[in-house]
Amino acid sequence: MIRSSRRLSRSVAVCALIAALVSGCASLPESSSPQAIGTLTDGAAPTSAPAPEPGREPDRLLDDFFEASAVSANRHQAARQFLTEDASNTWDDGARTVVADRIDTLSGPRTADSAQFTIRSTTAGILAPGGEYQAGSDTFDIAIDMTRVDGQWRISKLPPGVVIDRSAFMDTYQQRSIYFVDPLGGVLVPDVRWTSGSQDQLANQLVQLLIDGPKSALSAAVSNELSDDVSIRGPITKADGQTTQVGVGLGGIRIDFGGLQNKGDRDRELLAAQVIWTLASAEVAGPYVLLADGQPIDTTKPDGWTTAGVDSFDPQSSTNESVGLHALASGRLLHVEESATTPAPGYFGQARNLRSVALSNDGTLVAGVADTGRPAPAPSSTLMVGSYDGGAFPVAEGQSITRPTWGADDNAAWAVIDGTNVIRAARDPSTGQVSVIPVDARAVTTLGTRITELRLARDGVRAALIVDGVVYVATVVRDPSGVYSLTAPRAVAIGLGSDATSLDWSTGEAIVIARVATDTPVVQVTVDGSRMDALPSRNLTNPVLAVDASPETEYVADARAVFALNNADPVGDRYWREVTGLAGVKAVPILPG
């Protein structure tokens, strides 16, 4: 006999909140506003779990055991109540944690005092040590033995590790970002983790995760001012030294670090930025009193820091407002104004043969793919690089060239030539000379036959790619010799249901994807693949051809026009609105990056 342990209401909740990461949920629902999984309030995070009920049948007891397994406190003490004493003493709950989209219970042999079950799980992801979520879609079976103890059923044998139903996981864990420093030392890079516990434990958890360092996939691409010999002296407290309700409501945070004696002012500022934005993004309010061996790490801030003191590192900031929205229409670059468009000054506004365009983050440089007009077998596309208001020159050719994307330093445009050749068109700031340098993309090209989209995150440390219709996120690593490579690619839009056609980074934690679909053509997925949300489809006409995004607004080009989705709109009034300045114009939206 096979019985699913996921109750109907639980199944509905999962499918309503997360769109089909695996085949357990058949379709992508519309969500008027993507939201983080779980939200900590001023009180404790949900940590309640069922205790074993007297007289409970063994299969029902297994349901309760898996629900209790979501509470990790005290080495899963809540779940250990369902085990015999011997099983509790030997169970290794630290082996791995499987987040299961579906848990089926298959009954085996049973006597009056013993029962055997096979648990069949469809995996949504693995929660690795340190709260790192790794998306997946495997299935596996585990064997569980049960026996009667004093007339009550208990689990007597189970394999190492923890299996959590996804709905229970969402109720108990919260998605958080801890921040590390990009190679240029000017941008914070989010490292998404999952934590559980009460709000007054959160500051300790997050700071310890910072000290432990970035996940392995990011370790070669970021730096950490809390690494090496940095430690915490004494407990983390409220700003006035109180040790209770730390991080709950007002009252601020006080952290005394050891091991900072060799760090200069800039390194200390970076450390402060890492700590402050990690805590602030988790709703742990300041002021943030940061000390080094009992003394302020910055003598100008004896009463503590606020986010304003490190606002230049704000991970949610963007340059879009100053540069503005642009569009590609009739083969040329246009600046989009409130009710009209004007051609960009210089070559890119005068051309009539552009296929795609990318603006540098500061808006001063442009890279574009132009139609050469030459018959086959001559290359049909050429990559042009130049200034926004000046001339441009060709730097590379191919039969196909993807939409370019700019690195964080605004001096290199990336593109993929003929589906597999990833290049950087790097500009020397002192001379203006552009050199085309190959990127080691072997880790990505082995995933499929053709890369059709490559977009760098604003931090320059991650790249989102479409390979044969599948979405991956890879890490951008620069070795000491200056060679760039794309490493550790991971599929993040598992269960997308149809091929991806275009994508862009909304924030450092989320990617917006256009897909081949008639019902829900645009979705948003978290960078770790833990969540996928359908964005509204109202007013869109398939197919959606291109997407560009910022933390504030998503833009798409569909079969008719260019539309915008404002993330600040009320939930009930959030839908795609045609961009007024592009009304009646067949165009592709362009934001910096």
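As a reminder, the structure under discussion sits directly above these lines.
Residues numbered from 1 in each chain as written. Predicted model: local features only at pLDDT ≥ 70, side-chain atom pairs only at ≥ 80, totals over all residues. Heavy atoms only, no water.

Novice: Which parts of the structure should I look at to understand the overall build of the protein?
Specialist: Of the regular secondary structure elements, the protein holds 10 helices and 37 strands. For 593 residues, the compact-globule estimate of 2.2 N^0.38 gives 25 Å, and the protein sits close to it at 26 Å. Referenced to the eigenvectors of the C-alpha coordinate spread, the extents of the protein come out at roughly 85 × 60 × 45 Å. In the protein, once contacts between residues fewer than 6 apart in sequence are set aside, the share between residues at least 24 apart is 56%. (Helix = DSSP H or I, 4+ residues; strand = E, 2+ residues; numbered from the N terminus. Rg over C-alpha atoms; globule rule 2.2 N^0.38 Å. Contact = heavy atoms within 4.5 Å.)

Novice: Looking at this structure, I do not really get the sheet that holds strand 27 (residues 470-478). What am I missing?
Specialist: Strand pairing in a sheet relies on backbone hydrogen bonds. The paired strands run either parallel or antiparallel. The 4 strands are arranged 25-26-27-28 in an open sheet whose pairing can be described as antiparallel. One side of each edge strand has no neighbouring strand; the edge strands of this open sheet are strand 25 (451-456) and strand 28 (484-491). Within this sheet the neighbouring strands show an average axis-to-axis angle of 30 degrees, counted without direction. (Pairing = 2+ DSSP bridges. Axes fitted to C-alpha atoms, helices over the stretch in contact; angles between N-to-C directions.)

Novice: Got a minute to help me understand unusual backbone geometry in this structure?
Specialist: The step from Gly286 to Pro287 runs through a cis peptide bond, and the omega angle for that step is 10 degrees. In this structure, the amide linkage connecting Ala376 to the following residue, Pro377, adopts the cis form with an omega of 10 degrees. Checked against the element boundaries, Pro377 lands in the loop between strand 18 (365-371) and strand 19 (381-387). Even without being a glycine, Ser330 presents a positive backbone phi close to 55 degrees. Relative to the elements of secondary structure, Ser330 occurs in the loop between strand 14 (326-329) and strand 15 (332-336). For Ser330, a relative accessible area of 63% gives the class exposed. Even without glycine at this site, Asp410 takes up a positive phi of about 65 degrees. Overall, the relative accessible area of 12% leaves Asp410 in the buried class. (Buried < 20%, exposed > 50% of the residue type's maximum accessible area, 1.4 Å probe, protein only.)

Novice: Just checking my understanding: could you explain the packing of helix 6 (residues 199-212) against helix 7 (residues 265-281) for this structure?
Specialist: For any two helices packed against each other, one specifies the crossing angle of their axes together with the interaxial distance. At a minimum axis distance of 10 Å, the contact between helix 6 and helix 7 shows a crossing angle of 140 degrees. With respect to each other, helix 6 and helix 7 are oriented oblique. Considering the relative orientation of helix 6 and helix 7, their crossing is right-handed. Contact residues: helix 6 offers Ala203, Leu206, Val207 and Leu210, while helix 7 offers Gln274, Val275, Thr278 and Leu279. Split into classes, the residues belonging to the contact of helix 6 with helix 7 amount to 6 nonpolar, 2 polar and no charged. (Parallel < 35°, antiparallel > 145°, perpendicular 65-115°, else oblique. Left-handed = near helix turned anticlockwise from the far one by under 90°. Nonpolar A, V, L, I, M, F, W, Y, C, P; charged D, E, K, R; others polar.)

Novice: Explain the pairing of strand 23 (residues 421-427) to me, please; I cannot follow it from the model alone.
Specialist: For a regular strand, side-chain orientation follows a simple rule: the groups alternate between the two sheet faces. Of all 7 residues making up strand 23, 5 are buried, and the element is well covered by its neighbours. Examined bridge by bridge, strand 22 (residues 412-417) and strand 23 share 6 bridges and lie antiparallel to one another. When the bridges of strand 23 are listed, Val416 appears paired with Val422. The antiparallel hairpin formed by strand 22 and strand 23 contains 3 residues in its connecting segment, where Asp418 sits at a positive phi of about 55 degrees.

Novice: What is the right way to look at the pattern of salt bridges in this model?
Specialist: Any two side chains of opposite charge can pair, on the condition that their charged atoms come close. Scanning the entire structure with this criterion turns up 30 salt bridges. Here Arg455 ties to Asp504 by a salt bridge, and the two come within 3.2 Å at their closest N and O atoms. In this pair, Arg455 sits in strand 25 while Asp504 sits in strand 29 (residues 500-507), placing the two residues 49 residues apart along the sequence. Judged by its relative accessible area of 5%, Asp504 is buried. (Salt bridge = Lys/Arg side-chain N within 4 Å of Asp/Glu carboxyl O.)

Novice: How should the pairing of strand 2 (residues 97-110) be read in this particular structure?
Specialist: The pairing of strand 2 with strand 7 (residues 162-165) spans 4 bridges and is classified as parallel. Within the sheet, the bridge partner assigned to Val98 lies in strand 7 and is Val163. In the sheet, strand 2 pairs with strand 3 (residues 114-128) via 11 bridges, with the strands oriented antiparallel. When the sheet's bridge partners are listed, Leu106 is paired in strand 3 with Thr118. Joining the antiparallel neighbours strand 2 and strand 3 is a turn of 3 residues.

Novice: Sorry, what's going on with helix 7 here?
Specialist: Note that an α-helix has 3.6 residues per turn; residues three or four places apart therefore point the same way. Its 17 residues place the ends of helix 7 24 Å apart at the C-alpha level, agreeing with the 24 Å of an ideal helix rising 1.5 Å per residue. All of the buried residues in helix 7 are Arg268, Leu270, Leu271, Ala272, Ala273, Gln274, Val275, Ile276, Trp277, Thr278 and Leu279. Residues of helix 7 that are buried make contact with strand 8 (173-181), strand 9 (188-196), helix 6, strand 11 (253-258), strand 12 (288-292) and strand 13 (295-296). Two residues or fewer past helix 7, Glu283 is found with a positive phi of approximately 65 degrees. (Expected span 1.5 Å × (residues − 1).)

Novice: Quick question: what am I supposed to make of the sheet that holds strand 20 (residues 392-398) here?
Specialist: Here 4 strands make up an open sheet; going across it, the order is 17-18-19-20 and the pairing antiparallel. Only two strands of the sheet have a single neighbouring strand rather than two, namely strand 17 (354-359) and strand 20. In this sheet, adjacent strand axes meet at a mean angle of 20 degrees when their direction is disregarded.

Novice: In this structure, what is going on with the environment of Gly241? I would like to understand it.
Specialist: In this fold, Gly241 is placed in the loop between strand 10 (231-232) and strand 11. C-alpha of Gly241 to C-alpha of Gly368: the two residues are 127 residues apart in sequence and 56 Å apart in space.

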